[in-house]
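# Per-entry structural report
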Amino acid sequence: MLLRVVIFLILNFSALAIGGFFTGAGVPSEWYAELNKAPWTPPGWVFGAAWTTIMVCYSIFMAFLWKQLPNKKWLITLYAFQWILNVSWNPAFFYAHQVALGLLLITSLTLLIGYYFFGHIEKLKWKTIFVLPYLVWLLIATSLNGYILMYN
């Protein structure tokens, strides 16, 4: 179990690092600073704390799910799709300034993580709580992206 958690930690934090590379100066950039942002946009430090917590919890969730699901090929496919969606949002939004594409990516990611939560709650029971921070954060992030698309 511990080895699986460590493997998922490495994979998940690699995704954050790659996404962060493409964010670069995105948050303090003139483009982002001038956007009309949602009133519920959290302060910048919240994003780092949230993603760290989310990826630790998600790694634990994936380790539990790996143990429970017999179809590893399907799980790897879903996980790879999640990983790509997660990494892709930053360059689409911050680097290319493609807010609509960002919304499509983050909505897809939210739906996928929602599937992880609702589709495995019977099998994993209380252990699905480990994917809940990811789902809640994505719902907030999707609303932030949607607000930026609508009001800019």
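Data block above holds the structure.
Residue indices follow the written sequence of each chain, beginning from 1 at its first position. With the structure being a predicted model, the display of local features is reserved for residues of pLDDT at least 70 and the display and counting of side-chain atom pairs for 80 or more, all residues being used for whole-chain, interface and lining totals. Values shown for side chains rest on all heavy atoms present in the structure; no hydrogens or waters enter the calculation.

### Side note on the side chain of Thr142
Worth spelling out the cut-off: In this text, helices come from DSSP runs of H or I with a minimum length of four residues, and strands from runs of E with a minimum of two, each type numbered from the N-terminal end. Three exposure classes are used, based on accessible area relative to the maximum for each residue type with a 1.4 Å probe and protein chains only: buried under 20%, partly exposed in between, and exposed over 50%. Throughout, a residue-residue contact means that at least one pair of heavy atoms, one from each residue, lies within 4.5 Å.
Here Thr142 is to be found in helix H6 (residues 132-151). Owing to a relative accessible area of 17%, Thr142 belongs among the buried residues under this scheme. Setting aside its immediate chain neighbours within four residues, Thr142 contacts Leu103, Ile106, Thr107 and Thr110.

### Re the layout of surface pockets
Empty space left among the atoms is revealed by rolling a probe the size of a water molecule over them. Formally: Cavity means a closed set of points on a 1 Å grid over the protein atoms alone, one where a 1.4 Å probe fits but cannot get out, pocket means an open set with protein on both sides within 12 Å along at least 5 of 7 lines, and lining means a residue has an atom within 4 Å of a point. Grid points are joined across faces, edges and corners, and a volume is the space filled by probe spheres set on the points. Polar here means any residue other than Ala, Val, Leu, Ile, Met, Phe, Trp, Tyr, Cys and Pro, which are nonpolar, and Asp, Glu, Lys and Arg, which are charged; Gly is therefore polar.
By volume, the largest pocket amounts to about 620 Å³. Every residue lining the largest pocket is counted, 28 residues in all, and those nearest its centre are Phe47, Trp51, Trp89, Asn90 and Phe94. Residue assignment for the lining of the largest pocket shows that the elements contributing at least two residues are helix H1 (2-23), helix H3 (44-68), helix H4 (72-95), helix H5 (99-124) and H6. Of the residues forming the lining of the largest pocket, the biggest block, 6 residues, is contributed by H4. Looking at the lining of the largest pocket residue by residue, the classes come out as 18 nonpolar, 9 polar and 1 charged.

### Re the environment of Ala63
Secondary-structure assignment places Ala63 in helix H3. Each C-alpha atom of the pair Ala63 and Leu149 lies 36 Å from the other, and the pair is 86 residues apart in sequence. For Ala63, the contacting residues outside a window of four places in its chain are Met1, Arg4, Val5 and Phe8.

### Describing the nonpolar core
Put simply, the test is: What we call a nonpolar core is a set of buried Ala, Val, Leu, Ile, Met, Phe, Trp, Tyr and Cys residues that are connected through their side-chain atoms within 4.5 Å.
Grouped together as the largest cluster of nonpolar side chains are 39 residues, with contacts concentrated most on Tyr58, Met62, Ile113, Tyr116 and Tyr134. Among the elements of the structure, H3, H4, H5 and H6 are those that each provide at least two residues to this core. Beyond its immediate stretch of four places on either side in the chain, Tyr58 contacts Asn12, Tyr79, Gln82, Ile113, Tyr116, Phe130, Val131 and Tyr134.

### So, a nonpolar patch on the surface
Inclusion rule: Surface patches are defined over residues having more than 30% relative accessible area and no salt bridge, joining like charges when they lie within 9 Å and nonpolar side chains (Val, Leu, Ile, Met, Phe, Trp, Tyr) when within 5 Å. The accessible surface values rely on the Shrake-Rupley method and a 1.4 Å probe; as for residues, cover is taken only from the protein chains in view. When a carboxyl oxygen of Asp or Glu is within 4 Å of a side-chain nitrogen of Lys or Arg, the pair counts as a salt bridge.
A surface patch of nonpolar side chains, amounting to about 590 Å² of accessible area, comprises Trp40, Trp126, Ile129, Leu132, Val136 and Ile140. Turning to its location among the elements, Val136 is positioned in helix H6. Take Val136: its relative accessible area is 41%, and that puts it in the partly exposed class.

### Details of the packing of H3 against H4
Relative placement of two packed helices is described by the angle separating their axes and the distance separating the axes. To keep things clear, this is the line we draw: Axes, fitted as lines to C-alpha atoms, cover a helix only where it is in contact. Angles between the N-to-C directions of the axes lie from 0 to 180 degrees. Every angle not falling under 35 degrees, over 145, or within 65 to 115 is termed oblique; those three ranges are roughly parallel, roughly antiparallel and roughly perpendicular. Whether a crossing is left-handed or right-handed is set by the direction in which the near helix is turned from the far one by less than a right angle, anticlockwise for left-handed and clockwise for right-handed.
Axis separation between H3 and H4 bottoms out at 11 Å; the angle between their running directions is 165°. As summarised for this structure, H3 and H4 are arranged roughly antiparallel, according to the angle between their axes. By crossing handedness, the relation of H3 to H4 is classed as right-handed. Here H3 contributes Trp51, Met55, Tyr58, Met62, Leu65, Trp66 and Lys67 to the contact with H4, which in turn contributes Lys72, Leu75, Ile76, Tyr79, Gln82 and Asn86.

### With respect to H1
What sets the pattern is the α-helix's 3.6 residues per turn: residues three or four places apart point alike. This is how the line gets drawn: Expected span of a helix: the number of residues minus one, times 1.5 Å.
The terminal C-alpha atoms of H1, which comprises 22 residues, lie 31 Å apart, in line with the 32 Å expected from a rise of 1.5 Å per residue. On the buried face of H1, the contacting elements are H3 and H4.

### Quick word on the packing of aromatic side chains
In plain terms, the rule: Any two rings among Phe, Tyr and Trp, with Trp reduced to its six-membered ring, count as a pair given centres within 6.5 Å; such a pair is stacked if its planes are under 30 degrees apart, edge-to-face if over 60, and tilted if neither. Lysine and arginine charges are scored as sitting over a ring when NZ or CZ, respectively, is within 6 Å of the ring centre and within 35 degrees of the ring normal.
Counted according to the given criterion, the structure contains 20 aromatic pairs. Measuring from ring centre to ring centre gives 4.9 Å for Tyr58 and Tyr134, while their planes differ by 70°; the resulting arrangement is edge-to-face. Of the two residues, Tyr58 sits in helix H3 while Tyr134 sits in helix H6, which places them 76 residues apart along the sequence. Each member of the pair Tyr58 and Tyr134 is classed as buried. Here Phe93 and Phe94 contribute two aromatic rings whose centre-to-centre distance is 4.9 Å and whose plane-to-plane angle is 85°, an arrangement assigned as edge-to-face. Note on Phe93: relative accessible area 1%, which makes it buried. You can call Phe94 buried: its relative accessible area is 10%. Each member of the aromatic cluster is reached from another via a ring pair, and the members are Phe8, Trp51, Tyr58, Phe61, Tyr79, Tyr116 and Tyr134. Positioned above the aromatic ring of Tyr32 is the side chain of Lys37, whose terminal nitrogen or guanidinium carbon lies 4.5 Å from the ring centre. The ring of Trp66 is capped by Lys72, whose NZ or CZ atom sits 5.2 Å from the centre of that ring.

These figures come from the coordinates and say nothing about function on their own.
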